[in-house]
Amino acid sequence: MKIISALIAAAAAAQSSAFVVPATSTSTVTSSTNLQMGLLDFFSEDARKEREARKQAEIEEQERLQREIIERRKNPEKMEEYEARVKVRRALRMAGEDEMATQVSMYDGDKKE
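As the structure is a prediction and not an experimental result, all values here were calculated from the model.

What follows deals with the environment of V86. Along the chain, V86 falls in helix α3 (residues 76-94). We classify V86 as buried; its relative accessible area is 7%. Expressed as a C-alpha distance, the spacing of V86 and A101, which sit 15 residues apart in the sequence, is 9.6 Å.

Encoded structure:
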């Protein structure tokens, strides 16, 4: 019986020291409610704004390209230049030079590296 009570007393002493907070420790923990949740981030306000901005940028790019096409169709010199590029690209494709054909800039706004 004395052994059991000694073990209980030792266990109680060990447990009580486990929950004691050291007095010298002064740590501050800051938390943020802004968590990245992966799939659920799709529904956040920031994600929605980012999607709208990308969509608007794509629309503006398509409109710019459309204006360029209309301008080229109205200008005979630009149309001749475009048709020459088309002929070069088609000749390269027919010769089996697909890599070189993709490098031909068809529009002034093309960004080929």
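Now that the structure has been shown, the text picks up again.
With six residues, the main nonpolar core is built from Y82, V86, L92, A101, V104 and M106. The element contributing the most residues to this core is α3, with three residues. Setting aside its immediate chain neighbours within four residues, L92 contacts E97, D98, M100, A101 and V104.

Counted by the stated rule, this structure contains seven salt bridges. A salt bridge links R64 to E61, with the shortest nitrogen-to-oxygen separation between them at 2.7 Å. Linking R64 with E61, this pair stays in helix α2 (residues 45-74), spanning three residues, or about one helical turn. Residues E81 and R85 are paired through a salt bridge, measuring 2.6 Å at the closest nitrogen-oxygen approach.

Let's shift gears to the side chain of R72. Relative to the helices and strands, R72 resides in helix α2. Look at R72: it is buried, it has no salt bridge, and the nearest opposite charge is E68 at 4.4 Å. The residues contacting R72, other than those within four sequence positions of it, are K78, M79, Y82 and Y107.

In regions of low pLDDT, the predicted coordinates are not meant to be interpreted in detail. Overall, the predicted model of the protein chain reaches an average pLDDT of 78, with 64% of residues at or above 70. Confidence scores differ between elements of the protein chain, with helix α1 (residues 2-18) showing the lowest mean pLDDT of 65 and α2 the highest of 93.

Turning our eyes to something else, we now look at α3. The terminal C-alpha atoms of α3 lie 27 Å apart, and with 19 residues this matches the ideal 27 Å at 1.5 Å per residue to within 8%. What α3 keeps buried is the set Y82, V86 and L92. For α3, the buried positions fall inside an angular range of 125° around the axis, keeping them on one side. Exposed and facing more than 90 degrees away from the buried side of α3 are P76, E77, E80, K87 and M94. Its buried side turned inward, α3 meets α2 and α4 (98-103). Downstream of α3 by a residue or two, G96 has a phi angle that is positive, lying close to 85°.

What counts and how
Residues numbered from 1 in each chain as written. Predicted model: local features only at pLDDT ≥ 70, side-chain atom pairs only at ≥ 80, totals over all residues. Heavy atoms only, no water. Helix = DSSP H or I, 4+ residues; strand = E, 2+ residues; numbered from the N terminus. Buried < 20%, exposed > 50% of the residue type's maximum accessible area, 1.4 Å probe, protein only. Core = buried A, V, L, I, M, F, W, Y, C linked by side-chain atoms within 4.5 Å. Contact = heavy atoms within 4.5 Å. Salt bridge = Lys/Arg side-chain N within 4 Å of Asp/Glu carboxyl O. Lys, Arg positive; Asp, Glu negative; His and termini not counted. pLDDT = per-residue confidence, 0-100. Expected span 1.5 Å × (residues − 1). Arc of directions from axis to C-beta.

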